[in-house]
Amino acid sequence: MRESAHKGRGKTDSTERVGKYNMKESNYKTYDELPLFLNAATVAKVLGVSPSSGYELMHEPYFPVLKVGSRLVVPKEKFVEWVSQHTQGGAE
């Protein structure tokens, strides 16, 4: 496992090699730790995907984004609902 610290943020990213893929591990262990509004980078960290994948997801028409000026953010409650609905066995 590889860890690298973000300057000034106090958080670390972990990358674990699984088979031939490098899987990113989320720093967040519960939804309570999330900020009230998530940007693309935070969405990507929580889901364990690349920043570009988080950005692309936020531009999908079905994803619950809030546009504030030119910025896109996701309210924490809507993100948690979206994860639940799109998890196998979640509500439909």
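Now for a quick tour of the structure. Remember, predicted model here, so these are calculated numbers, not experimental data.

As for the sheet that holds strand 6 (residues 71-75)
Strand pairing in a sheet takes place through backbone hydrogen bonds and is either antiparallel or parallel in direction.
For step 1, the next point in the chain: An order of 4-6-5 is seen for the 3 strands of this open sheet, with the pairing classed as antiparallel. Since the sheet does not close on itself, it has two edges, and those belong to strand 4 (37-38) and strand 5 (66-68), each with one partner.
For step 2, the next point in the chain: Note: strand 5 against strand 6, 3 bridges, orientation antiparallel. Pairing of Val68 across the sheet is with Arg71, part of strand 6.

As for the environment of Asn39
For step 1, the next point in the chain: By the element assignment, Asn39 lies in the loop between strand 4 and helix 1 (40-47).
For step 2, the next point in the chain: With 36 residues separating them in the primary sequence, Asn39 and Pro75 have C-alpha atoms 9.3 Å apart.
For step 3, the next point in the chain: Those residues in contact with Asn39, other than ones at most four positions away along the chain, are Met58, Arg71 and Leu72.
For step 4, the next point in the chain: Here Ala41 takes part through its backbone nitrogen, which lies 3.2 Å from a polar atom of the side chain of Asn39.
For step 5, the next point in the chain: A polar atom in the side chain of Asn39 sits 2.8 Å from the backbone nitrogen of Thr42.

Rules used throughout
Residues numbered from 1 in each chain as written. Predicted model: local features only at pLDDT ≥ 70, side-chain atom pairs only at ≥ 80, totals over all residues. Heavy atoms only, no water. Pairing = 2+ DSSP bridges. Helix = DSSP H or I, 4+ residues; strand = E, 2+ residues; numbered from the N terminus. Contact = heavy atoms within 4.5 Å. Polar contact = N/O pair within 3.5 Å; in protein donor to acceptor, adjacent residues only side chain to side chain.

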